[in-house]
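# Structural overview
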Amino acid sequence: FYSAPVTELVVGEKTSSLSEIFYGMENLEKIEVAERNGTYSSQEGVLYNKEKTELIRYPQKKADVAEYEIPEGVEELRENGFYKNENLQEVVFPGSLKTIGENTFFGCRSLTEVDIPDGVENIGDYAFIYCSGIKELSLGESVKTIGNYSFEYNSKLEKVTVKGNLESVGTNIFYSAPVTELV
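Anyway, here's the lowdown on the structure attached to this text.

Cut-off values and rules
- Residues numbered from 1 in each chain as written.
- Predicted model: local features only at pLDDT ≥ 70, side-chain atom pairs only at ≥ 80, totals over all residues.
- Heavy atoms only, no water.
- Helix = DSSP H or I, 4+ residues; strand = E, 2+ residues; numbered from the N terminus.
- Buried < 20%, exposed > 50% of the residue type's maximum accessible area, 1.4 Å probe, protein only.
- Pairing = 2+ DSSP bridges.
- Phe/Tyr/Trp six-rings, centres within 6.5 Å; stacked < 30°, edge-to-face > 60°.

### Digging into unusual backbone geometry
Positioned with a positive phi, Asn-103 is a non-glycine residue whose angle comes to about 55 degrees. On the secondary structure map, Asn-103 appears in the loop between β9 (99–100) and β10 (113–116). Notably, Tyr-149 is not glycine yet its phi reads approximately 55 degrees, a positive angle. The topology assignment puts Tyr-149 in the loop between β13 (145–146) and β14 (159–162). Of the residues examined, Tyr-149 reaches a relative accessible area of 23% and is grouped as partly exposed.

### Topic: the sheet that holds strand β7 (residues 76–77)
Here we have 8 strands laid out as an open sheet, ordered β3-β4-β5-β7-β9-β11-β13-β15, and mixed in their pairing. Either end of the sheet is taken by a strand with one partner, and the two such strands are β3 (40–43) and β15 (168–169). In the sheet, β3 pairs with strand β4 (residues 46–49) via 4 bridges, with the strands oriented antiparallel. If you follow Gln-43 over to β4, its bridge partner there is Val-46.

### Side note on the packing of aromatic side chains
In total, this model carries 13 aromatic pairs according to the counting rule given. Consider the rings of Tyr-58 and Tyr-68, whose centres lie 4.9 Å apart with planes at 65 degrees: the pair is edge-to-face. Here the residue Tyr-58 occupies a position in the loop between β5 (54–57) and β6 (67–69), and Tyr-68 occupies one in strand β6, the gap between them amounting to 10 residues. A residue is classified by how much of its surface remains accessible, and Tyr-68, at 2% relative accessible area, is buried.

If you want it as structure tokens, here you go:
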């Protein structure tokens, strides 16, 4: 489906794997899942696992909201979950969240502020790379691990607040980010 003009994806009741399907689906606005599907579910056009503990994919061209509140109960944002969505300005994270996967917010250029709540323990490699609109970042007390290049090329990131004690910090997490204040 690479570069296909698909705007809506309907996942059938027997589909049990969507591995790699989203790469190149640059026009996707909505994902719906058949109610009887045993593996996946959707809410407001966003793809989750059946139990809604993992957000799998927020469509790249979803533009009906500028602020998205991730539902309580979600524990993990999967790899490439919000990949290159340039319409989102703010994401509200639930208290249940524990993991932000690799490349989760890759290229989300309209995000302006990121407040990672207590409860999140791990931020994956490249999680917020090329999020050039972020000006402020706050890391909750429970964050233990930040992966390599997590906030690389965030050209407006000036203030970072770290509330807890990090155990592991990856390589060049703020590479090419003009951080002037670290609290």
